[in-house]
Amino acid sequence: MTSLPLPLLIALAACALSGAGRTGLPGPEKESPMTVTDLTCEYRTDPAGIDAVSPRLSWRMSSPARGERQTAFQVMVATSREALGADRADAWESRKILSEESVNIPYGGAPLRSGRAYFWKVRAWDAQGAATAWSATATWSMGLLDPEDWKGVWIGLDKGEPAGKDSVAADRRLPARWLRKEFDAHGGIVRATASISGLGLSELYVNGARAGDHVLSPALSQYPKTVYYVTHDVTRLLKEGRNAVGVVLGNGRFFAPRQNQPTFTQSFGFPKLLFQLHCEFADGRSADVVSDTTWSLTTDGPIRANNEYDGEEYDARMELGGWASPGYDDGSWQRARAVSPPGGVLRAQMADPIRVTATISPVAVTEPRPGMFIFDMGQNMVGWCRLHVEGTAGTRVVLRHAETLRDDGTLYLDNIRGAKVTDVYTLKGGAAETYEPRFTYHGFRYVEMTGYPARPGPGSLEGRVVNDDVKSAGEFTCSDPVINRTYRNIVWGVRGNYRSMPTDCPQRDERQGWLGDRSAESRGETYIFAIDPLYAKWLRDMEDAQREDGSVSDVCPSYWPLYNDNVTWPSSTVIIPGALLDQYADSAVITRHYASMVRWIDHMSAYVVDGVITKDSYGDWCVPPEDPKLIHSNDPMRKTAPGILATTYFYHDLRLMSRYATLTGHDADRARFDALAAVLRDGLNRAYYRPGDGWYDNGSQTSCVLPLAFGMVPDAERRRVFEHLVRKITVETHGHIGTGLVGGQWLNRVLSDNGRPDIVCNFATDTTYPGWGYMATKGATTIWELWNGNTADPAMNSGNHVMLVGDLVIWLYEYLAGIRPDPAAPGFRRTILKPVPAGSLTHVRATHTSPYGEIVSEWWKEGKTFRWSVGIPANTTAEVCVPSAGPGEVTEGGIAAARASGVRFLRQEAGYTVFAVGGGTYEFRSGGER
Ligand code: BGC
């Protein structure tokens, strides 16, 4: 049941409870064996500095018993840990609310106050009416909710370095700016919270120590519309008496005068800082230290040049010593100036921060030329290197980064294009030195080191893996090593392309949030990582970048303002909210962006002529080309008509909009979306369908896939279109993929849904061109941008793209392992478990951490027997579809399944026996092969 807004539900339940039966206090009930765990607020554990005025609270349940569910819950929220411990819920005492919901419960207490910390716990009642023990205490803290809460001003220096002072950096790479401020704090600090927005990038230090462990912070944004700030609890870093704070500012994408490298890039101004430190004292007083013109600033620090693409240059001889500690002599520094604000609304960064998430060691070091050492990290990774070196002052060690090598063992940099990818470290001399950059990142497997003062060993360099620190959401493994290798490559590629927005690639002069790459593919990512906050943030980027007339840029934030008005790329604004609803029960993204989606739909509707829309920019980008040197195919038979791409995608968008209109109560909108969708369906078939042939237009693979995927093919013609697709694949491309980035995001599901999962299994296990297995056998440790990435022109050939993943991950989880959410009870409130055993696979295991907890599907095919272990979280239900000829041949836990405890036979359908179950673990076995 999706449509009833939760606040309403809670209100109804609370009404029902007013009077008799209301229990605010623990009664004499017996304790439930269920436990309440994993409390999250806005999809995160104990988040700091959020700005949701009514944060959504979620918890999970576990129970030793099958079918256990929550029938009621009680939440207590207090303003101190002690108060909560004593059951004094001074912020919100929900009392017992009759509800089965345990995900996204909106906070319903007193208005939340800026900067305050809140502590909460929850207990639930089970089906027998017994209450659980209280959960462990969780917490969140509020950010600064009102612009008035910010007491400081933006500070910085709105000009470049004086001429001649810096001979190294091109003007697109200013030196870092260092800012500092000292202050006194007397009277016992009990809590100190720092709120910081340092643009483009910043690091905060308090009394010489780094605050927090975020890197490349804050999140990227459409700066004139939104500016993110980050909150750190710095209580432990402060001390009685004299204190100091220091901030280093890097350029990031804010100061980004890259002009035409490789295309017009927006730049937003010089780096700037807004800062506020709120100290609370034992006697109840509080004081703020804020950014203002009393701060000191210098550009004469060790970071001589920095940007994300070209690298960082660091001269250790210019280190500033105790610059972020009290008592430092900053007499030679200048005063920070008050500068204009960046323009956007200040918002709390709610998505996971970027962190160093792993450190890896090189697997080999070679010396292709004297003094030039090549380190092989063994993995195409994203981040930077940590250098260990000892030598004389002034020695320059230069690191360059690349994904592949030339035949002579030196770096292959052609495909990196205009990014310099060079970090330079100048030694201060004396003892051993360690350096890692702060304000750049690279996509690389190989590192070229020159200038090292001795012969480096493998220990001279470490790879620091840097990405949005998203939690893992599942694991996949199966009996086929090619699939396992591809899956591993995908995981590395996906995480490496999280840079507070999903990027196209991490290495060359691009690194943009291209919408089209992720339209459906992003749903697959939800099985790998917990990404609701990241994608919810990206949807805001899209709305922020939207033009008044409704046009959406192909790249968001629109650092490259590409308002081409094609359909396929901007469709992500409509498609992704639906995925977040299905996977996370996040209906807020739909409510929040509904108006913007309608604006885009209305804008694009003007391009519909005679029932079709032909606006397109990129075609079915990157179909496997006929010539190994080509990036794009020249063969008209491999291409798909723009009108098919645009019309089918727009039809799909309208169908989704109809769902969203229903959800949000916009009935009139729904009617017009449905009407326009019907017009497009007719238009497509009139303009492109060839009844004599049984296919659309030129019959390309994608021209079959899209109308089938979106249900646009007249029923009587479906079989013919599908058979044509199969013919194209088996005869023309010899069992290989012939789709590009658009068709590939639906291909595998269309094949499976129409009874040919074996073809998908072939795609996934094959190692010949083109395919993911081909990439792996050619040494790929991520997924390439081009099917022929090993032979194609380097002008556009990244070794780390996700777009060609298509819907493979969706297929692995939702089909092969058979875990998928029921859209009628989203967020895996009800799961459809329906494995599709394919090809010669004998074993598949997948786990998925849904908002309600972990779902497990593991099956073995042993001769004619299908053995299946299933795990379903408490407080959820599932429809379990066991591959079998009939209920008589299915057992669970060794007895006839229909008689097993908690298992209810529902129906028999095409090769599956379907049962209803609740939370718990189950062991099914069926006798016959499908
Ligand atoms: C990007 C792609 C993108 C495409 C669109 C490429 O350069 O890397 O990911 O979708 O351009 O044209």
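Everything below is about the structure printed above this text.
Summarised in this report is the structure supplied together with it. Since this is a predicted model, take the numbers as computed values, not measurements.

Describing the overall build of the protein chain
Reasoning step 1: Helices and strands together make up the secondary structure of the protein chain, namely 15 helices and 45 strands.
Reasoning step 2: For 930 residues, the compact-globule estimate of 2.2 N^0.38 gives 30 Å, and the protein chain sits close to it at 29 Å.
Reasoning step 3: For the C-alpha atoms alone, the extent of the protein chain along its principal axes is close to 85 × 75 × 55 Å.
Reasoning step 4: In the protein chain, which comprises 930 residues, the share counted as buried stands at 62%.
Reasoning step 5: Carbon and sulfur atoms form 51% of the exposed surface of the protein chain, whose accessible area is close to 32,200 Å².
Reasoning step 6: Computing the positive centroid from 97 side-chain charges and the negative centroid from 108, the protein chain places the two 2 Å apart.

Points about the pairing of strand 7 (residues 117–125)
The two faces of the sheet receive side chains in turn, since in a regular strand these alternate between them.
Reasoning step 1: Within strand 7, 9 of the 9 residues are buried, which leaves the element mostly enclosed by the surrounding structure.
Reasoning step 2: Burial along strand 7 is two-sided: the residues Ala117, Phe119, Lys121, Arg123 and Trp125 and Tyr118, Trp120, Val122 and Ala124 are all buried.
Reasoning step 3: Strand direction decides the pairing type here: strand 3 (residues 72–78) and strand 7, joined by 7 bridges, are antiparallel. Looking across to strand 7, one finds that Ala78 is bridged to Phe119.
Reasoning step 4: Of the strand pairs in this sheet, strand 7 and strand 8 (residues 138–141) are connected by 4 bridges, and their pairing is antiparallel.

Digging into the packing of helix 6 (residues 572–584) against helix 7 (residues 588–605)
Reasoning step 1: Packing of helix 6 against helix 7 leaves a shortest axis separation of 10 Å and a crossing angle of 160°. One way to sum up the angle between helix 6 and helix 7 is to call them roughly antiparallel. As helix 6 runs across helix 7, the sense of the crossing is left-handed. On helix 7, the residues that touch Thr573, Val574, Pro577, Leu580 and Leu581 of helix 6 are Val589, Ile590, Met597 and Trp600.
Reasoning step 2: Tallied by class, residues from the contact of helix 6 with helix 7 come to 8 nonpolar, 1 polar and no charged.

Quick word on helix 9 (residues 667–688)
Reasoning step 1: With 22 residues, helix 9 should cover 32 Å at 1.5 Å per step; its first-to-last C-alpha distance of 31 Å lies within 8% of that length.
Reasoning step 2: Turning to helix 9, its buried residues are Asp669, Phe673, Leu676, Ala677, Leu680, Gly683, Leu684, Asn685 and Tyr688.
Reasoning step 3: Looking at the buried residues of helix 9, the elements they touch are helix 7, helix 8 (642–664), strand 35 (689–690), strand 36 (695–696) and helix 10 (701–709).

Topic: the site of the ligand
Reasoning step 1: All residues adjacent to the ligand are Asp504, Arg508, Glu510, Trp514, Asp517, Trp569, Tyr618, Trp621, Glu785, His801 and Met803.
Reasoning step 2: Between the ligand and Arg508 there is a distance of 2.8 Å, counted from an oxygen atom to a side-chain nitrogen or oxygen.
Reasoning step 3: Taking 310 Å² as the accessible area of the ligand by itself, protein coverage stands at 95%.
Reasoning step 4: Looking at the shell around the ligand residue by residue, the class counts come to 5 nonpolar, 1 polar and 5 charged.

What about the sheet that holds strand 6 (residues 105–106)?
Reasoning step 1: As summarised here, the arrangement of the 3 strands in space is 1-2-6, forming an open sheet in which the pairing is antiparallel. Each edge of the open sheet is held by one strand with a lone partner, namely strand 1 (35–41) and strand 6.
Reasoning step 2: The pairing of strand 2 (residues 56–62) with strand 6 spans 2 bridges and is classified as antiparallel. Across the sheet, the residue bridging to Arg56 is Pro106, located in strand 6.

Description of the environment of Cys505
Reasoning step 1: Within the fold, Cys505 resides in the loop between helix 3 (481–496) and helix 4 (521–525).
Reasoning step 2: Residues Cys505 and Glu892, 387 residues apart in the sequence, show an inter-C-alpha distance of 46 Å.
Reasoning step 3: Those residues within four positions of Cys505 in sequence are excluded, and the remaining contacts are Asn497, Glu510, Arg511, Ser798, Asn800 and His801.

A word on the side chain of Asn566
Reasoning step 1: Mapping Asn566 onto the fold places it in the loop between helix 5 (532–545) and helix 6.
Reasoning step 2: Residue Asn566 is classed as buried on the basis of its relative accessible area, which comes to 1%.
Reasoning step 3: Separated by 3.1 Å, the side chains of Asn566 and Asp554 make a polar contact.
Reasoning step 4: Here Ser617 takes part through its side chain, which lies 3.0 Å from a polar atom of the side chain of Asn566.
Reasoning step 5: Contact partners of Asn566, with chain neighbours within four places excluded, come to Asp554, Trp600, Met604, Lys615, Asp616, Ser617 and Tyr618.

A closer look at the nonpolar core
Reasoning step 1: Core analysis: the largest hydrophobic core is formed by 159 residues, its most contacted members being Phe476, Phe650 and Phe924.
Reasoning step 2: At 11 residues, helix 8 tops the list of elements feeding residues into this core.
Reasoning step 3: Counting 40 residues, the second largest nonpolar core, distinct from the first, contains Ala176, Trp178, Leu320 and Val465.

A few points about the sheet that holds strand 12 (residues 201–206)
Reasoning step 1: The 6 strands lie next to each other as 13-12-15-10-18-21, forming an open sheet whose pairing is antiparallel. Edge positions in the sheet fall to strand 13 (209–210) and strand 21 (334–335), since each has one partner strand and no second.
Reasoning step 2: Note: strand 10 (residues 177–185) against strand 15 (residues 241–250), 9 bridges, orientation antiparallel. From the neighbouring strand, Trp178 faces strand 15, where its bridge partner is Val248.

What about the pairing of strand 19 (residues 303–307)?
Reasoning step 1: Of all 5 residues making up strand 19, 5 are buried, and the element is well covered by its neighbours.
Reasoning step 2: Where strand 19 meets strand 20 (residues 311–315), 4 bridges bridge the pair, whose relative direction is antiparallel. Along strand 20, the bridge assignment pairs Ala305 with Glu313.

Focus on the pattern of salt bridges
Reasoning step 1: By the definition in use, this model includes 60 salt bridges.
Reasoning step 2: In this structure, Lys537 engages Asp541 in a salt bridge whose closest nitrogen and oxygen atoms are separated by 2.8 Å. Separated by 4 residues within a single helix, Lys537 and Asp541 lie in helix 5, roughly one turn from each other. Of the two residues, Lys537 and Asp541, neither departs from the other in class, the shared state being buried.
Reasoning step 3: Glu723 is paired through a salt bridge with Arg719; the nearest N and O atoms lie 3.8 Å apart. Taken as a pair, Glu723 and Arg719 lie in helix 11 (residues 718–732) at a separation of 4 residues, close to a single helical turn.
Reasoning step 4: Since its relative accessible area comes to 40%, Glu723 is described here as partly exposed.
Reasoning step 5: Each of Arg180, Glu182, Asp184, Arg242 and Asp330 takes part in one network of salt bridges that share partners.

Rules used throughout
Residues numbered from 1 in each chain as written. Predicted model: local features only at pLDDT ≥ 70, side-chain atom pairs only at ≥ 80, totals over all residues. Heavy atoms only, no water. Helix = DSSP H or I, 4+ residues; strand = E, 2+ residues; numbered from the N terminus. Rg over C-alpha atoms; globule rule 2.2 N^0.38 Å. Buried < 20%, exposed > 50% of the residue type's maximum accessible area, 1.4 Å probe, protein only. Areas by Shrake-Rupley, 256 points an atom, 1.4 Å probe, with all protein chains shown as cover. Lys, Arg positive; Asp, Glu negative; His and termini not counted. Charge placed at Lys NZ, Arg CZ, Asp CG, Glu CD. Pairing = 2+ DSSP bridges. Axes fitted to C-alpha atoms, helices over the stretch in contact; angles between N-to-C directions. Parallel < 35°, antiparallel > 145°, perpendicular 65-115°, else oblique. Left-handed = near helix turned anticlockwise from the far one by under 90°. Contact = heavy atoms within 4.5 Å. Nonpolar A, V, L, I, M, F, W, Y, C, P; charged D, E, K, R; others polar. Expected span 1.5 Å × (residues − 1). Near = heavy atom within 4 Å. Polar contact = N/O pair within 3.5 Å; in protein donor to acceptor, adjacent residues only side chain to side chain. Core = buried A, V, L, I, M, F, W, Y, C linked by side-chain atoms within 4.5 Å. Salt bridge = Lys/Arg side-chain N within 4 Å of Asp/Glu carboxyl O.

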